[in-house]
Amino acid sequence: MHFAYVTTSDRGATDRLLANVAQRALARGLNLSGVVQTNTPRPKSHHCDMDVQVLPDGPVIRISQDLGANARGCALDPEALERAVHAVAPTVTQDTDLLIINKFGKHEAEGRGFRETIAQALALDVPVLVGLNALNAPAFEAFTGGEGGALTPDVEAVEAWLSTCLQERRSVA
């Protein structure tokens, strides 16, 4: 099973890293599925607008909702997240080289979100890379049965892992 995650401590750094990995993989001609996230700060608010790009060249979907400047709750729009899930799921095939999911988040921890898509990719032996924060680490560990490996959060480490995954897939085929 080729399942890895990256974790960073700087706000937005995981999103930027995964977007960079996707951009470089696409430039190499790899077949990608999944989503990468872009965060745009909102003036006079501690929240940001969260958009996901469906890979490789699908739509950009806003997955956040504006709850007001003083809101403290989660700004994720669950319906928008599900639209992204439904856009990605049919793109995961045996020919997919990598599935990137911007975050194994609360919805995945609760059995929703991209969880089924991740399982589908793993069943096809497609390498899966996700962003992970400490809050959802216990649920991720339970989901993976300890099989999800941590990668150093830099492009070169992720590319080395992916190259190994792809070589192993080719040698089995």
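This text follows the structure it describes.
Residues numbered from 1 in each chain as written. Predicted model: local features only at pLDDT ≥ 70, side-chain atom pairs only at ≥ 80, totals over all residues. Heavy atoms only, no water.

Trainee: Teacher, can you tell me more about unusual backbone geometry here?
Mentor: Here Leu55 and Pro56 are connected by a cis peptide whose omega angle stands at 5°. Structurally, the position occupied by Pro56 is in the loop between β3 (48-55) and β4 (60-62). The phi torsion at Asp125 lies on the positive side, around 65°, for a residue other than glycine. Here Asp125 lies in the loop between α4 (115-123) and β6 (128-131). (Helix = DSSP H or I, 4+ residues; strand = E, 2+ residues; numbered from the N terminus.)

Trainee: Quick question: what am I supposed to make of the packing of aromatic side chains here?
Mentor: How two aromatic rings sit relative to each other is given by the distance of their centres and the angle of their planes. One pass over the structure, following the stated rule, counts five aromatic pairs. The interplanar angle of 90° and the centroid separation of 6.3 Å between the aromatic rings of Phe3 and Phe143 together place this pair among those described as edge-to-face. With Phe3 in strand β1 (residues 3-6) and Phe143 in helix α5 (residues 137-144), this residue pair connects regions lying 140 residues apart in the sequence. The interplanar angle of 80° and the centroid separation of 5.2 Å between the aromatic rings of Phe104 and Phe140 together place this pair among those described as edge-to-face. Placement of Phe104 in the loop between β5 (98-101) and α3 (106-109) and of Phe140 in helix α5 is noted, with a sequence separation of 36 residues between them. (Phe/Tyr/Trp six-rings, centres within 6.5 Å; stacked < 30°, edge-to-face > 60°.)

Trainee: Got a minute to help me understand the pairing of β6 in this structure?
Mentor: Both faces of the sheet carry side chains from a regular strand, because those side chains alternate between them. Burial of the side chains of β6 extends over both faces: Val128 and Val130 are buried on one face and Leu129 and Gly131 on the other. Two elements, β1 and β6, share four bridges in a ladder whose sense is parallel. Among the inter-strand pairings, Ala4 is bridged to a residue of β6, identified as Leu129. As defined by bridge partners, β5 adjoins β6 across three bridges and the pair is classed as parallel. Counted as the bridge partner of Ile100 is Leu129 from β6. (Buried < 20%, exposed > 50% of the residue type's maximum accessible area, 1.4 Å probe, protein only. Pairing = 2+ DSSP bridges.)

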